Amino acid sequence: MSEVQQQVQQAIDQLVESGAIYEQDGRWVSEASSIEDVRAFHSTYYVPENATLTIVGDYPVSHQRLWDAFTDPRQLERFWGPPDYPATFTRHDLKVGGRAEYVMTGPNGESMSGSWEFTAVDPISSFEVIDGDGDLNGPSSITFTFETTPTGSRMTAVTHFPNIEAAEKLMQGMEDGLRAALPQLDAVLAEPSPSVAH
């Protein structure tokens, strides 16, 4: 039995013990789906080729305020880059087929450019981008979603890498960069949104 098959079997055993699934007419079932559905889902989506990085942040501000911070380039550039590598957005055309382009400049003047191509935009709810112009491993895509929570709002960003090699190459740098950059978002959100300021 492979490691993945062992993990699936352990999950099944836990579901049976908790009462979430039960056997009926020789099949494992639950109120939501059959165990065969769960196995099919797992074998389809839990594979190395589906490498992702998910970032979730909860903020004590309105849904609209959080959306504004991610879609206004002047606000976005205040937290998109790490403190020692701030971003400057030179283009930000938030529409399907539009592009965002930015430059991150280091403390010694070194720079790194980046870009997004917007592939989907659902105002105040989500936007999807192809990140960068691609490399040998192919471009990554990022889906940003925004929702209201009982204490404010939530942003979820899911980066989909084209393969495990791209994930291994890029993930640690992305994780480190986002850990340094995203805390700056708190200061941006503490200010009124320029789009609603008087």
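This is a predicted model, so every value here is computed, not measured. (Residues numbered from 1 in each chain as written. Predicted model: local features only at pLDDT ≥ 70, side-chain atom pairs only at ≥ 80, totals over all residues. Heavy atoms only, no water.)

A. Inspection of the overall build of the protein chain at higher detail. A count of helical and extended segments in the protein chain gives six helices and nine strands. Relative to its 198 residues, the protein chain shows a buried fraction of 35%. Taking the intrachain contacts of the protein chain between residues at least 6 apart in sequence as the baseline, contacts between residues at least 24 apart amount to 44%. Accessible surface, the protein chain: about 11,500 Å² in total, of which carbon and sulfur atoms supply 53%. (Helix = DSSP H or I, 4+ residues; strand = E, 2+ residues; numbered from the N terminus. Buried < 20%, exposed > 50% of the residue type's maximum accessible area, 1.4 Å probe, protein only. Contact = heavy atoms within 4.5 Å. Areas by Shrake-Rupley, 256 points an atom, 1.4 Å probe, with all protein chains shown as cover.)

B. Examining the nonpolar core more closely. Membership of the largest hydrophobic core comes to 28 residues, with the highest contact counts inside it found for L66, F70, W116, F127, F144 and L185. Sorting the residues of this core by element identifies helix 3 (63–71), strand 4 (87–92), strand 5 (99–105), strand 6 (111–122), strand 7 (126–131), strand 8 (140–149), strand 9 (152–160) and helix 6 (185–189) as the ones contributing at least two each. The dominant element in this core, judged by the number of residues it contributes, is helix 3, at four residues. (Core = buried A, V, L, I, M, F, W, Y, C linked by side-chain atoms within 4.5 Å.)

C. Local environment of the pairing of strand 6. The sheet contact formed by strand 5 and strand 6 spans seven bridges and is antiparallel. Bridging across to strand 6, M104 finds its partner in M112. Counted along the chain from strand 5 to the antiparallel partner strand 6, the turn is five residues long, and its residue G109 has a positive phi close to 90°. Across six bridges, the pairing between strand 6 and strand 7 is antiparallel. (Pairing = 2+ DSSP bridges.)

D. Region of the structure containing the pattern of salt bridges. As enumerated under the stated definition, the model contains seven salt bridges in all. Note that K95 and D93 form a salt bridge whose closest N and O atoms lie 3.8 Å from each other. The partly exposed category is assigned to D93, whose relative accessible area is 30%. Among the ionic pairs, R99 bridges to E101, the shortest N-O distance being 3.0 Å. The exposure class of E101 is partly exposed, given its relative accessible area of 24%. Each member of the salt-bridge network shares a partner with another, and the members are R91, R99 and E101. (Salt bridge = Lys/Arg side-chain N within 4 Å of Asp/Glu carboxyl O.)

E. Focus on helix 3. Most of helix 3 sits inside the fold, with eight of its nine residues counted as buried. All buried positions along helix 3 are accounted for by H63, R65, L66, W67, D68, A69, F70 and T71.

F. Structural view of the sheet that holds strand 8. The sheet built from seven strands is open, its strands ordered 3-9-8-7-6-5-4 with antiparallel pairing. Each having just a single partner strand, strand 3 (52–59) and strand 4 make up the two edges of the open sheet. Pairs of neighbouring strands in the sheet enclose a mean axial angle of 20°, with direction left out of account. Inspection of the sheet shows strand 4 paired to strand 5 by five bridges, in the antiparallel sense. When the sheet's bridge partners are listed, H92 is paired in strand 5 with A100. Against the sheet, helix 3 engages strand 3, strand 4, strand 6, strand 7, strand 8 and strand 9, with an angle of about 155° to strand 8. (Axes fitted to C-alpha atoms, helices over the stretch in contact; angles between N-to-C directions.)

G. Representation of the packing of aromatic side chains. Summed over all chains, the structure comprises 16 aromatic pairs. Pairing F70 with F79 gives two aromatic rings, centres 5.0 Å apart and planes at 65°, and the pair type is edge-to-face. Exposure class is identical for F70 and F79. Each is buried. On the basis of an interplanar angle of 25° and a centroid distance of 6.0 Å, the ring pair of F127 and F146 is categorised as stacked. You can see F127 sitting in strand 7 and its partner F146 sitting in strand 8, a full 19 residues away along the chain. Each member of the pair, F127 together with F146, is buried. A network of ring pairs unites the aromatic residues W67, F70, F79, W80, F89, Y102, W116, F118, F127, F144 and F146 as a single cluster. (Phe/Tyr/Trp six-rings, centres within 6.5 Å; stacked < 30°, edge-to-face > 60°.)

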